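# Chains, contacts and geometry: an overview
Next come the chains, spelled out residue by residue.
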Amino acid sequence: MNIKIPMLLLFIVLAGGLAKAQEGQANIVLISLDGFRWQELFSGADSLLVAHSDYVHDTTELRKLFWRSSPMERRKALLPFVWNTVASIGRIHGNRNHGSKVDLTNAMWFSYPGYNEILTGKADDDRITSNDKIPNPNRTFLEIAHSDTRYHGKVAAFGSWDVFPYIINEERSGVPVNAGFDVAKGDDITEREKFLNELQPKVPSPWGSVRLDAFTHYFALEEMKKNHPKVVYIAYGETDDFAHDGDYGAYLKSAHTTDTFIKELWDFTQSDSFYKNNTLFVITTDHGRGTQPLDTWKSHGSEIAGAGSVWLIAFGKGVKAKGEVTTNEQLFSNQIAPTILQLLGLQNDDIKMPGAALNFE
């Protein structure tokens, strides 16, 4: 009897310590906006494009929506949540006009190589050379987390582009990926998921390989409400596709809508006991776009000057507020994965990630 009580007390103490350690581990929400330029993030609507009839269907409407007299006012009109809320609680890197630089390390400057770099922590210019549906030979931080008992079954990914099951290598990794025109599956789908499943095939997408971001967003939000994954990746895609179409109005409107999606995710996490005050948001893009000649705003790739210039936003747990970073610095997209792994308390000894983990404190 005298032996059992101390052992019981020891078990309680250890269990309590483990629970506190688990509570202290941040949940992660990584978000990407495909091909969204740093120029619009930091300055709002481009003066050379917002009234350009070749790229805007209704210039009067677009100017009313997003044109303001100063870049700071324009960016708030375009991305009100980012600049009214995130800027006060987090940090925003990549305004090259102030010396804050964020760059890709891959030499391709288009989507699959960019997402590989973000998710795996390293460029792979020898093997990732196209956007073809080839299973990624590299392990993403999502796969590393899912293979750990602490996060197994608590990792989920959502994307508008139908290549994401290959980028994340869903078959090998076991990470569930709802992307392209996938629907919610399982025996416990919610009424909202049933509605989305029915609605998605009835709403035509302008593109054959990318669904509208609203479906990606609400499938992800429902999963967070229902199963509370600890690691979530959401990849919005419309900005890149509207840009390729040369539709600057739709490009801006999509970015504005994505800002509301991010706000909705943040508001949910702050109202939910599982996520509240224990969730880190990281937001970035897979590549930039051109600026000169003007027509290159539609494009990216190694031949387009400036397409390797990107940006990074962080807010939530563990992030010391700095707002817009206006000091000289050089960050890289390959630092995102090692940062997240470090915050999750995961070792990555078997994979060489050249980028150093970022310190958000």
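Small disclaimer: the values here were computed from a predicted structure and weren't measured. (Residues numbered from 1 in each chain as written. Predicted model: local features only at pLDDT ≥ 70, side-chain atom pairs only at ≥ 80, totals over all residues. Heavy atoms only, no water.)

## Some remarks on the overall build of the chain
A tally of regular secondary structure across the chain gives 14 helices and 11 strands. Here the chain has a C-alpha radius of gyration of 21 Å; the compact-globule value for 361 residues is 21 Å, and the two agree. Along the first, second and third principal axes, the C-alpha atoms of the chain reach 85 × 50 × 45 Å. Sorting the 361 residues of the chain into buried and exposed places 55% on the buried side. At a minimum sequence separation of 6, the contacts of the chain that also span at least 24 residues come to 70%. Summed over all atoms, the accessible surface of the chain reaches about 15800 Å², with 54% contributed by carbon and sulfur. A gap of 7 Å separates the mean positions of the 36 positive and 45 negative side-chain charges of the chain. (Helix = DSSP H or I, 4+ residues; strand = E, 2+ residues; numbered from the N terminus. Rg over C-alpha atoms; globule rule 2.2 N^0.38 Å. Buried < 20%, exposed > 50% of the residue type's maximum accessible area, 1.4 Å probe, protein only. Contact = heavy atoms within 4.5 Å. Areas by Shrake-Rupley, 256 points an atom, 1.4 Å probe, with all protein chains shown as cover. Lys, Arg positive; Asp, Glu negative; His and termini not counted. Charge placed at Lys NZ, Arg CZ, Asp CG, Glu CD.)

## Some words on the sheet that holds strand 11 (residues 329-332)
Strand order in this open sheet of 3 strands is 8-3-11, and the pairing throughout is mixed. The strands lining the two open edges of the sheet, one partner per strand, are strand 8 (309-310) and strand 11. Pairing of strand 3 (residues 100-103) with strand 8, which is carried by 2 bridges, proceeds in the antiparallel orientation. Directly across from aspartate 103, in strand 8, lies its bridge partner serine 309. (Pairing = 2+ DSSP bridges.)

## Describing the UniProt feature "domain: Metalloenzyme" (unreviewed entry) in the chain
If you check UniProt for "domain: Metalloenzyme" (unreviewed entry), the listed places come out as residues 220-347 in our numbering. For residues 220-347, the end-to-end C-alpha separation is 27 Å, with 37% helix and 20% strand making up the annotated structure. (UniProt positions renumbered as here; feature names shortened; annotations may be inferred.)

## Here we look at the side chain of threonine 296
Turning to its location among the elements, threonine 296 is positioned in the loop between strand 7 (279-284) and strand 8. Among the polar contacts made by the side chain of threonine 296, one reaches the main-chain amide nitrogen of threonine 291 at a distance of 3.3 Å. Those residues within four positions of threonine 296 in sequence are excluded, and the remaining contacts are Arg289, Gly290, Thr291 and Ile304. (Polar contact = N/O pair within 3.5 Å; in protein donor to acceptor, adjacent residues only side chain to side chain.)

## A few points about unusual backbone geometry
Note that the residue after glutamine 292, namely proline 293, is joined by a cis bond; omega there is -5°. When you line up the elements, proline 293 lands in the loop between strand 7 and strand 8. Phi at asparagine 169 takes a positive value of approximately 55°, unusual for a residue other than glycine. By the secondary structure assignment, asparagine 169 is in the loop between helix 8 (164-167) and helix 9 (170-173). Backbone geometry at histidine 228 places phi at a positive 50°, although glycine is not the residue there. Its place among the elements puts histidine 228 in the loop between helix 11 (213-227) and strand 6 (231-236).

## A few points about the pattern of salt bridges
Under the criterion given, the structure shown has 17 salt bridges. Salt-bridge contacts for aspartate 148 lead to arginine 150; the nearest nitrogen and oxygen are separated by 2.9 Å. Connected through salt bridges with shared partners, the residues Arg37, Glu40 and Asp46 form a single ionic network. (Salt bridge = Lys/Arg side-chain N within 4 Å of Asp/Glu carboxyl O.)

## Notes on the packing of helix 3 (residues 59-66) against helix 13 (residues 248-271)
Taken N-terminus to C-terminus, the directions of helix 3 and helix 13 make an angle of 30°; their axes are 11 Å apart at the nearest point. The orientation of helix 3 relative to helix 13 falls into the category roughly parallel. Crossing of helix 3 against helix 13: the hand is left-handed. Contacts between helix 3 and helix 13 pair Glu61, Leu62, Leu65 and Phe66 from the former with Tyr248, Gly249, Leu252, Lys253 and His256 from the latter. Looking at side-chain class alone, the contact of helix 3 with helix 13 contains 5 nonpolar, 2 polar and 2 charged residues. (Axes fitted to C-alpha atoms, helices over the stretch in contact; angles between N-to-C directions. Parallel < 35°, antiparallel > 145°, perpendicular 65-115°, else oblique. Left-handed = near helix turned anticlockwise from the far one by under 90°. Nonpolar A, V, L, I, M, F, W, Y, C, P; charged D, E, K, R; others polar.)

## As for the environment of glycine 306
As for its placement among the helices and strands, glycine 306 is situated in the loop between strand 7 and strand 8. Expressed as a C-alpha distance, the spacing of glycine 306 and arginine 37, which sit 269 residues apart in the sequence, is 9.6 Å. Those residues within four positions of glycine 306 in sequence are excluded, and the remaining contacts are Trp109, Gly288 and Arg289.

## Here we look at the pairing of strand 7
Burial analysis of strand 7 places 6 of its 6 residues in the buried class, which makes it a mostly covered element. Residues Thr279, Phe281 and Ile283 of strand 7 are buried on one face, and the alternating residues Leu280, Val282 and Thr284, pointing to the opposite face, are buried as well. In this structure, strand 1 (residues 27-33) lies alongside strand 7, joined through 6 bridges in parallel fashion. From the neighbouring strand, asparagine 27 faces strand 7, where its bridge partner is threonine 279. Direction of pairing for strand 7 relative to strand 9 (residues 312-316): antiparallel, over a ladder of 5 bridges. Bridge pairing in strand 9 places phenylalanine 281 opposite phenylalanine 315.

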